[in-house]
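# Geometric and topological summary
Below are the chains, spelled out letter by letter.
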Amino acid sequence: MSDQTIESLSQEKRLFAPDAQFVKQANVSGMVAYQALCAEAQRDYSGFWARHAREQLTWQNPFTRVLDESNAPFFKWFEDGTLNASYNCLDRHLATQPDKIAIIFEADDGTVTRITYRELHRRVCMMANGLKSLAIKKGDRVLIYMPMSIEVVIAMQACARIGAIHSVVFGGFSAKSVHERIIDAGAVAVLTADEQMRGGKAIPLKTAVDEALALGGCECVKQVVVYRRSGGPVQWSDGRDRWLHDLVSNQPETCAPEWVSAEHPLFILYTSGSTGKPKGVQHSTAGFLLHAALTMRWTFDYKKHDVFWCTADVGWVTGHTYVCYGPLAVGATQIMFEGVPTYPDAGRFWRMIQDHQATVFYTAPTAIRSLIKLGATLPNNYDLSRLRILGTVGEPINPEAWMWYYETVGKSRCPIVDTWWQTETGGHLITPLPGVTPLKPGSCTLPLPGIMADIVDETGQSVEPGKGGILVIKRPWPSMLRTIWGNPERYKNAYFPEEFQGKYYLAGDGAMRDENGYYTIMGRIDDVLNVAGHRLGTMEIESALVANKLVAEAAVVGRPDDLTGEAVVAFVVLKQTRPMGEDAKAMVRQLQEWVSHEIGPIAKPKEIRFGENLPKTRSGKIMRRLLRDIAKGNEITQDVSTLENPAILQQLKDPQG
Ligand code: WTA
């Protein structure tokens, strides 16, 4: 982020105080109530979390120990307690609200399916029994590669019910990515669908699974279970493949939950880091579920008549916490959507809010920006009067987009919760509370009670207001990741670095705090890009590019983008002569396709530039800072005297294709 942007954010003076009526009815009602919670956590950290863990979760065996720091940073919470996540999401609502709608599912073509808690429970039990009939058991990893559907929630919940660990892979990732994740986790089964429907088009999923398994090394996978979504063509491998409907058809309608330790892994979710290999972020059962439920009540002010809609795909952490687990844990009615916001037109989200009477709407800044572009006045054509809270997640929201969201969607009535968190944090950590926090456009405002956030310099000292620094969390919290699957060293090095004596959790974001203590996120401080709210490692894209036989070398950087926040720019050296004109354009397309195939369309470079070499220091290090300037189209003002080969800068400044 440029100094200019920091400057403009720190000059943002508009504040929007919560409405008195809202404050009165809120779960956390007013600043005094918030401060009391913060003070309680300060006074008795363990007691604070223990109280919430008892209030929010139903335990089979209550815990007696709260936080175990003896093997830091491998923290344990509530470890001697036992529970089951699926029991907490389903069974405990059966006595009180069996006929309440759990999910209103709207398919790509507009077909709506509603499912009650009773029916969801029944189907999760049948699926759980189906998985058991395949000899899948507690601790086994199950890879899920499915579209947004009631079935994917059933699949995740069924895994949780039997203590199997799910690893959901976003349907937009490639066969190669599926392959890598199968092997890393040692998955015993893959749950997928024939195809997924997006914007009227069918996109194959089963084919990608077949391709992944054919890449070899996947002997761990014994079963592939296929949900028939579209009826499109699929190849079949007898013995290995079976239809989901066949698997569940004769299963008993109840299934006793597997009681697991609080620390039993609930899921693994892969995310990008600063190396070429995605990390399997491992979450616990109790700590994760506690935070999911608690933030439904705190951040989203959950009330039993709410209709909650989080638009995230279950392939991302937001879809884990605020689609599959959080809403069900508190017994909410939620909307789930299969399609894309622009199909059949850019009014889709607004129409769905109206038709399903959504009260809480949670989406990504990129979606908001693209919908502004496609129809800034479209929301006015729909009745959005049931909305009471809006939310954003995944990337910084620029104040202009915030104002539009506030005024045009929320009619200046609905607080916006700009929630900062990460795959690793399990749930919101820094966010406004709707009945507490005066809102400041572009700022995620204040840490939740019990979250000891700070901004520090390289030596670990807190920085003064108005100065940028490194965002850290100074104490472990229940929903934090427990480790990187199969790689505890990487967990330690990436998140608890030596520079802070291994004491602070390093988020990987830069941030700034104003004189009121409000946080503003300034973007990643590592080699991770945030494109449309999706995390991409520059190294991952570089590895994908150099895996192409035509590519000798590649360097990937981000540049600001009006729509997607950041965009991927790749600088490539080919093994053949540097292409020009039409050849360059064709080569750009070829390499874009290649990256789509290697990682997934989301990682496709927006721009590719060719040079005969990359700018390097005499010791051979690629000068990325220079490349960032070139990508932004900035004049190069920095010292290039250490550059081995200054002549190639001119080549790289010239965007082909
Ligand atoms: C960024 C998504 C600004 C941040 C839940 C973080 C944000 C990364 C916000 C995590 C926000 C997330 N404002 N930036 N409200 N929320 N980020 O793991 O850089 O996909 O480190 O988790 O997204 O992305 P992830």
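Residues numbered from 1 in each chain as written. Predicted model: local features only at pLDDT ≥ 70, side-chain atom pairs only at ≥ 80, totals over all residues. Heavy atoms only, no water.

## Thoughts on the site of the ligand
Looking at the ligand, there are 17 residues lining it, with Asp418, Thr423, Asp509, Arg524 and Arg535 nearest. Measuring from an oxygen atom of the ligand, one finds a backbone N or O atom of Gly394 at 3.1 Å. Interatomic distance of 2.7 Å between a side-chain N/O atom of Asp418 and a nitrogen atom of the ligand. Mapped onto the shell around the ligand, the elements with two or more residues apiece are helix H12 (317-329), strand E20 (416-419) and strand E25 (519-524). Split by residue class, the shell around the ligand holds 6 nonpolar, 6 polar and 5 charged. (Near = heavy atom within 4 Å. Polar contact = N/O pair within 3.5 Å; in protein donor to acceptor, adjacent residues only side chain to side chain. Helix = DSSP H or I, 4+ residues; strand = E, 2+ residues; numbered from the N terminus. Nonpolar A, V, L, I, M, F, W, Y, C, P; charged D, E, K, R; others polar.)

## Remarks on the packing of helix H4 (residues 45-56) against helix H11 (residues 286-298)
Across the interface, H4 lies against H11 with an axial gap of 10 Å and an inter-helix angle of 85°. Here H11 runs roughly perpendicular to H4, going by the angle between their axes. Where H4 abuts H11, its residues Phe48, Trp49, His52, Ala53 and Gln56 lie against Leu290, His291, Ala293, Leu294, Arg297 and Trp298. Grouping the constituent residues of the contact of H4 with H11 by class yields 7 nonpolar, 3 polar and 1 charged. (Axes fitted to C-alpha atoms, helices over the stretch in contact; angles between N-to-C directions. Parallel < 35°, antiparallel > 145°, perpendicular 65-115°, else oblique. Contact = heavy atoms within 4.5 Å.)

## Examining the pairing of strand E27 (residues 534-537)
Side chains His534 and Leu536 project from E27 onto one buried face, and the interleaved Arg535 and Gly537 project onto a second face that is buried too. Examined bridge by bridge, strand E26 (residues 528-531) and E27 share 4 bridges and lie antiparallel to one another. From the neighbouring strand, Val531 faces E27, where its bridge partner is His534. Here E26 folds back onto E27 in antiparallel fashion, the turn holding 2 residues, of which Ala532 has a positive phi close to 55°. (Buried < 20%, exposed > 50% of the residue type's maximum accessible area, 1.4 Å probe, protein only. Pairing = 2+ DSSP bridges.)

## A short note on the confidence of the model for the protein
This prediction gives the protein a mean pLDDT of 95; 98% of its residues lie at or above 70. Model confidence for the protein, summarised as mean pLDDT per element, is weakest for helix H1 (residues 3-10) at 55 and strongest for helix H7 (residues 150-162) at 99. (pLDDT = per-residue confidence, 0-100.)

## Quick word on empty space enclosed by the protein
Unfilled space is identified by rolling a water-sized probe across the atoms. Inspection of the entire model under this criterion finds 4 cavities of 30 Å³ or more. Its boundaries defined by the atoms lining it, the largest cavity holds a volume of some 50 Å³. In this structure, the largest cavity is lined by Asn84, Ala85, Ala160, Gly163, Ala164, Val260, His264, Pro265, Leu266 and Thr285. (1 Å grid on protein atoms, 1.4 Å probe; cavity = no way out; pocket = protein on both sides within 12 Å on 5 of 7 lines; lining within 4 Å. Points joined across faces, edges and corners; volume = space filled by probe spheres on them.)

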